[in-house]
Amino acid sequence: MAETVTISIDGQSYQVPKGANLVDAAKLHGTDIPVFCYHPKMKPVGMCRMCLVELGSVTVNRESGKPDLDEHGQPVIRWQPKLQTACTQTVSEGMAIRTSTAKVVEARDDILEFILTSHPLDCPICDKGGECPLQNLTMAYGPGESQFLYDDKQHLAKHVPLGELIYLDRERCIQCARCTRFCDEVVGDDVLAFHERGRKLQIVTVSDPPFDTKFSGNTTDICPVGALTTADFRFGARPWELSEVPSICPHCPVGCNISASTRLDRDSGGKKVIKRIMPRQNEQVNEIWICDKGRFGHHHSLSSNRLQTPMLKKDGAWVEIDWKTAYQEVTSRLQKYGEKVGFLAGPSLSNEDLWEMRKLARRTCRDCQIGLWPATMTGLEAVTQAGVGVGTHLAALGPESAILVIASDFEEEAPIWWLQVKQAADRGAKVMVANARPTKLDQYAKCVVRYEYGEAVEVLNHIAVFARRHDKLNQTLVEGRVDGFAELEADLKGKRVPKQHSEAAELLLDTENLVIFAGNEGLTLAQQAELMQAAANLLILTGHVARPNNGLVAVWPGANMQGALDLGFSAEATVSLLDNPPSMWVIGDADPVAEDARAAAVLDQAEFVVVSTQFMTPTAEQADLVLPVLSFAEREGTFTNAMRRVQRFYMAQTPLEGALSAWKVFAQIGSALPGGDKPRISAALVMRDIAQHVVRYAGMNYTDLAHVETQFPDVGGHDLYYGGNAYANHGGLGIQWATNAEKENYRLTVRPVSAEAPKYEDLTLIPIRLLYNRDVLFEPSTVMHARIPAPYADFNAKDAAQLGIIDGDQVVISAGDLQINVSARVNGQAPTGFVLLPIRLSQLPVPAAPAMCSVQKVEE
Amino acid sequence: MLAEKYPERVAKIFSKYPDKRSGVMALLYLAQEEYGWISDEALSEVAALCEIDPTQVKSIAGFYTMYSEKPKGKYWLQVCTDLPCALRGADEFYKGLCDYLGVKDGGTTEDGLFTVEQVMCLAACDHAPMMQCNFHYHENFDLEKAKTLVDRLRAESAQKQPSSEK
């Protein structure tokens, strides 16, 4: 613990961290001071007055400068005549509080009586009932009766939509401002505010669209009453019927810990189903927040379009077959095609699925390629060497840290990291954003570097040159453990560094910690690989490795891209598969046909394509055999997030009849091949295999992955900061695998990277990633449809003028053989000469890498 | 649009503050003066000028009673009915004024000229009863004086004369 001070709580002396407030300090030692408006993730405001305590301080004798002592030799405490709010008091040496005297008890009783004057007695139909702080605190501290007249209660609107996701019940609101402060302080989207005052006060939003933030669901979690509820869960179930199952969000590389609230549901035929998704506390990953995609994006699991039987295409028509036949169909083909089989894994397969798929590939033939989809990012080597240190804690970064986000629209690609980096910036961390276009993080950045698409690598090279020239290299590390420095130095020598980049370098390298988040926007696969290496070079040379809060994070697409790379899958293999197409493809939960025209054409030529999938995707439709598999919610497994944390998810939902876990399917197929062994009977045993064979996962097992420790703020159980039963983490905090830099006997390698940027002379199309898209796992969540934009492309005003198009026009973009129909947006996002085209806004493929294009306006 | 119509006034407002969001209250007054009330469009316009979310502007417009979020008449008659004024007959005065205008409490005349409203203390108790018309004080008031004022304003309005009550 850092510096501490001694305070007295109810007569007992405690050491508490300096700078803490009284509520947190008391909580650390097991004393609950009830609160409504205070929230440990936000600044205290002292609005609700529930945390009133008696506050005293040591009296100091002016002459001696020492505390006055009573007859027992104890310091004399001077108690303040009035009660003070504990949340707004910072602890100081000798401070004393009393939290359970008659005066305090009476004050709490009175405050609750006031809060309840017009609070409706609708707990029996309230979504929060059963996990409601107001209910809990009223039971614990409140009056049994009210002196106010029941008939004078104020009646207000009970179904006020704040956008299509969140509903407000005005009667229940106790005006604690947690929701508005969350939007303002935590997220920085000022889209929720108080309107009017006194008893007329109301939470309002007039943004367009209403409540325009990607984190709106969190306000319903922190609401201490049932005033804010989600459209998704409202009236869906009572909290005490729900059993919480730990899980991991399957949507993005952050790997947020979530809790699936499940119950046996009559409407679903008595099956155990997910009623809502809540955040599960993991301070090192998502703290207690999740984005709306994670919260509302679970419906794919209960979709009626799920596939339930294996199907074989015979003469162009689908025929349902049983699993045994399906296995035989695949094994016989695998034997037939042997070396001419290619494997392709999607971004949301679990490590267990990937392992069994890899085993199957190895058994099929020695050099079968195992590719990764989407094949847009690579760089395992860079991450293995210079990935962020184990124990990296974004939520703790402050002025001593610098964070560089390069080639990524962070809020769209990894919302919770965006939130944490934004808050780090608020705490004084030096955030630098490097991208070819403005992104939302820019407004929180100390420094914004604009480059032209393709020049991202150059920026990192320049910073490395600056580091070398200004003596920022970590000589001990470089001389002791780094190979290839001479070549790199020769390459960097003599490079001119533009002023903008040297300013940025000065900012970044002047701090103790440096984290680099690297994306792939506007980069080809080859360039992205170089970007990763350039980042690793910079981090290794400057010694920003092998420590927590230092190192590289790749903003992968998908939830388990890291795991796939760890287990040997790669985008390079995919490229090689597309260049030399095999006769047979085995595809696991990927949809290349919908995303890439070339892949669609290649797959069309293949003789036999097997797809394991939850849905009849365009890829599945083009296949010869489809194998229905279970969703993340219906089985056990592990995902590895982009900070290399391996995390377990558990079976939350009754598995769909007919579908199987993907790893089981691959294992069954493999077992029928010559030399095949019996399939494992559980995911835990597959993980044991992985731990035995994959060095990075050595020693990992399901028991250790499920290990939990007390976290602060401790939000589980009967904690009075929060309501809710879903925050507590019983499922495990996960384990990060250590980078080579962290293992002292490993040598590190740097190498010169090619920063050659292509000269984009014609109009160039840049694919970008949006959070809300028509991804196969997200589309079934109809509640989110209003937030998914219709297909569009961003044009620069100059280009638009030249092309004769204005905002809102329908245009056709031609790139290669592709014709893409979109509406045009001209809003200052796109740099001159570039068209930004979000991927996956429709089921039609768009280019996956920068491509030349021409644009035609559609005349009406 | 305020920025086009009153570029100098807007610039002057912004020049007073270190950042743009601080100009919100002054701009809301300007918007109210221009449009008569703070409509949703006016909110958005002020928000765009201050570079903040319209929700924040609405919150401010809602908190302060001197911004009106409902359409009102050209002349906004606010009659204090707090205790000192009430002791000097403000209630009868207010009722008489409503009757003379033919409107109910808080209503607007059919010609759209006058809106009447009861308000809390306006800090002129020593000259009670009092009312304010578009933020101009009329103290030591009585019904006859009020009728004269209303008639005068009606006449001015009918002749399209520049109003004596801004």
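Not measured: the values here are computed from a predicted model.

Draft legend 1. Spotlight on the overall build of chain A. Assigned secondary structure in chain A consists of 25 helices and 38 strands. Structurally, chain A occupies a C-alpha span of about 90 × 70 × 65 Å along its principal axes. Considering only intrachain contacts with a sequence separation of at least 6, the fraction spanning at least 24 residues in chain A is 74%. If you sum the accessible surface of chain A, you get close to 32,800 Å²; carbon and sulfur atoms cover 50% of it. In chain A, 83 side chains carry a positive charge and 105 a negative one; their mean positions are 2 Å apart.

Draft legend 2. A look at the overall build of chain B. If you tally the helices and strands in chain B, you get eight helices and four strands. For chain B, the spread of C-alpha atoms along the three principal axes comes to 45 × 35 × 25 Å. Residues counted as buried form 45% of the 166 residues belonging to chain B. Contacts in chain B between residues far apart in sequence, at least 24 positions, make up 57% of those at least 6 positions apart. Charge-centre separation for chain B: the mean point of 19 positive side chains lies 3 Å from the mean point of 26 negative side chains.

Draft legend 3. Up close: the domain arrangement of chain B. Assigned domains within chain B: domain 1 (2–63) and domain 2 (75–165). Taking only C-alpha atoms, the centre of domain 1 of chain B and the centre of domain 2 of chain B are 28 Å apart.

Draft legend 4. Up close: helix α20 (residues 597–605) of chain A. All names here are of chain A. Taken residue by residue, α20 has Ala599, Ala600, Val602 and Leu603 as its buried positions. The buried residues of α20 occupy an angular sector of 165 degrees when the element is viewed end-on, so they sit on one face. The exposed residues of α20 that point more than 90 degrees off its buried face are Asp604 and Gln605. If you follow the buried residues of α20, they end up packed against α18 (571–579), β25 (584–588), α19 (592–595), β26 (608–613) and α21 (618–622). At the N-terminal end of α20, a side-chain oxygen is found 3.2 Å from the backbone nitrogen of Arg598, two or three residues along, and the residue is Asp596.

Draft legend 5. Layout of the nonpolar core. One finds Leu334, Phe343, Ile406, Phe410, Trp417, Met432 and Phe517 of chain A to be the most contacted residues of the largest nonpolar core, which totals 238 residues. If you look at the next biggest cluster of nonpolar residues, it comprises 23 residues, including Leu307, Ala599, Ala620 and Val626 of chain A.

Draft legend 6. Representation of the side chain of Ser259 of chain A in the model. Residues and elements named next belong to chain A. Mapped onto the secondary structure, Ser259 falls in strand β13 (residues 257–265). Here the side chain of Ser259 touches Glu244 through a polar contact of 2.7 Å, side chain to side chain. Setting aside its immediate chain neighbours within four residues, Ser259 contacts Glu244, Val245, Arg276, Ile277, Met278, Pro279, Arg280 and Ala726.

Draft legend 7. How the structure looks around the pattern of salt bridges. Residues and elements named next belong to chain A. For the coordinates displayed, the defined rule picks out 54 salt bridges over all chains. Among the ionic pairs, Arg295 bridges to Asp221, the shortest N-O distance being 2.7 Å. You can see Arg295 sitting in helix α6 (residues 292–296) and its partner Asp221 sitting in helix α5 (residues 217–222), a full 74 residues away along the chain. The exposure classification of Arg295 matches that of Asp221, with both residues buried. Several salt bridges share partner residues, and in doing so they unite Asp122, Lys158, Asp169, Glu171 and Arg172 into one network.

Draft legend 8. Structural context of the packing of aromatic side chains. Scanning the model with the defined rule gives 19 aromatic pairs over all chains in all. Here the aromatic rings of Tyr760 of chain A and Phe834 of chain A are separated by 5.6 Å at their centres, their planes lie at 85 degrees, and the arrangement is edge-to-face. With a gap of 74 residues between them, Tyr760 of chain A in the loop between β31 (748–749) and β32 (764–768) and Phe834 of chain A in strand β36 (residues 834–838) connect regions that are remote in the sequence. Since its relative accessible area comes to 2%, Phe834 of chain A is described here as buried. Aromatic side chains Tyr29 of chain B and Phe135 of chain B sit 6.1 Å apart centroid to centroid with 90 degrees between the ring planes, which places their arrangement in the edge-to-face category. Linking Tyr29 of chain B in helix α3 (residues 24–35) with Phe135 of chain B in the loop between β3 (131–133) and β4 (136–138), this pair joins segments that are 106 residues apart in sequence.

Draft legend 9. Highlighting the sheet that holds strand β2 (residues 114–119) of chain B. Residue and element names in this part refer to chain B. In space, the four strands of this open sheet follow the order β2-β1-β3-β4, with mixed pairing throughout. Strand pairing shows two members of the sheet lacking a second neighbour, β2 and β4, which therefore form its edges. Within the sheet, the average angular offset between the axes of one strand and its neighbour, ignoring direction, is 25 degrees. Against the sheet, helix α7 (residues 90–101) engages β1 (75–80), β2 and β3, with an angle of about 165 degrees to β2.

Draft legend 10. Here's a closer look at the packing of α3 of chain B against helix α5 (residues 54–63) of chain B. All names here are of chain B. Look at α3 against α5: their axes get within 11 Å of each other, and the N-to-C directions meet at 75 degrees. Regarding the angle of α3 to α5, the classification is roughly perpendicular. Contacts between α3 and α5 involve Val24, Met25 and Leu28 on the former and, on the latter, Val57, Ile60 and Ala61.

Draft legend 11. The sheet that holds strand β7 (residues 160–162) of chain A, seen in detail. Residue and element names in this part refer to chain A. Ordered by their spatial adjacency, three strands build an open sheet running β7-β8-β11, and the pairing between neighbours is antiparallel. Across the chains shown, the open sheet's two edge strands, defined by having one partner strand only, are β7 and β11 (228–230). Taking the axes of each pair of neighbouring strands and ignoring which way they run, one obtains an average angle of 35 degrees across the sheet. Note that strand β8 (residues 166–168) and β11 share three bridges and pair antiparallel. Along β11, the bridge assignment pairs Tyr167 with Thr229.

Draft legend 12. Representation of the environment of Asn351 of chain A. Residues and elements named next belong to chain A. Its location among the elements puts Asn351 in helix α8 (residues 351–364). Sequence spacing of Asn351 and Met687 is 336 residues, and the spatial spacing of their C-alpha atoms is 7.9 Å. Other than its neighbours up to four places away in sequence, Asn351 contacts Asn560, Gly563, Leu567, Thr638, Phe639, Thr640, Val646, Ile690 and Tyr697.

Draft legend 13. Inspection of the pairing of β1 of chain B at higher detail. All names here are of chain B. Burial runs high along β1: six of the six residues are buried. Here β1 shows no split at all, with Tyr75, Leu77 and Val79 on one side and Trp76, Gln78 and Cys80 on the other all buried. One ladder, built from three bridges, connects β1 with β3; its direction is antiparallel. Within the sheet, the bridge partner assigned to Leu77 lies in β3 and is Cys133.

Draft legend 14. Expanded view of the pairing of strand β23 (residues 513–518) of chain A. All names here are of chain A. When you tally the buried positions in β23, you get six out of six residues, the bulk of the element. Side chains of β23 alternate between two faces, with Asn513, Val515 and Phe517 and Leu514, Ile516 and Ala518 buried alike. Where strand β19 (residues 401–406) and β23 come together, six bridges link them in parallel fashion. What sits directly across from Val405, in β23, is Phe517. Pairing of β23 with strand β24 (residues 551–554), which is carried by four bridges, proceeds in the parallel orientation. Bridge pairing in β24 links Ala518 to Ala554. In this fold, the crossover linking β23 to β24 by way of helix α16 (residues 525–541) has right-handed handedness.

Draft legend 15. Local environment of the side chain of Asp53 of chain B. Mapping Asp53 of chain B onto the fold places it in the loop between α4 (40–50) and α5. This buried residue, Asp53 of chain B, is left without a salt bridge; Lys440 of chain A holds the nearest opposite charge, at 9.1 Å. At 2.6 Å, the side chain of Asp53 of chain B and the side chain of Thr55 of chain B are in polar contact. Beyond its immediate stretch of four places on either side in the chain, Asp53 of chain B contacts Asp190, Val191 and Ser207 of chain A together with Ala47 of chain B.

Draft legend 16. Main features of the interface of chain B and chain A. On the chain A side, the residues contacting the 12 residues of chain B number 12 residues. Summed over both partners, the interface of chain B with chain A buries about 1,000 Å², with 56% contributed by carbon and sulfur atoms. The largest per-residue losses of area from chain B upon contact with chain A belong to Thr55, Lys58 and Phe63 of chain B, which jointly make up 43% of the total buried on that side. Between the two partners, chain B and chain A, sit zero salt bridges. Remark: the boundary between chain B and chain A carries seven residue pairs in polar contact (both at pLDDT 80 or more). Grouping the constituent residues of the side of chain B that touches chain A by class yields three nonpolar, five polar and four charged.

Conventions used here
Residues numbered from 1 in each chain as written. Chains lettered and ligands numbered in written order. Predicted model: local features only at pLDDT ≥ 70, side-chain atom pairs only at ≥ 80, totals over all residues. Heavy atoms only, no water. Helix = DSSP H or I, 4+ residues; strand = E, 2+ residues; numbered from the N terminus. Contact = heavy atoms within 4.5 Å. Areas by Shrake-Rupley, 256 points an atom, 1.4 Å probe, with all protein chains shown as cover. Lys, Arg positive; Asp, Glu negative; His and termini not counted. Charge placed at Lys NZ, Arg CZ, Asp CG, Glu CD. Buried < 20%, exposed > 50% of the residue type's maximum accessible area, 1.4 Å probe, protein only. Domains from an automatic or database assignment. Arc of directions from axis to C-beta. Polar contact = N/O pair within 3.5 Å; in protein donor to acceptor, adjacent residues only side chain to side chain. Core = buried A, V, L, I, M, F, W, Y, C linked by side-chain atoms within 4.5 Å. Salt bridge = Lys/Arg side-chain N within 4 Å of Asp/Glu carboxyl O. Phe/Tyr/Trp six-rings, centres within 6.5 Å; stacked < 30°, edge-to-face > 60°. Pairing = 2+ DSSP bridges. Axes fitted to C-alpha atoms, helices over the stretch in contact; angles between N-to-C directions. Parallel < 35°, antiparallel > 145°, perpendicular 65-115°, else oblique. Right-handed = clockwise from strand over helix to strand, strands pointing away. Buried area = accessible area lost by both parts, 1.4 Å probe. Nonpolar A, V, L, I, M, F, W, Y, C, P; charged D, E, K, R; others polar.

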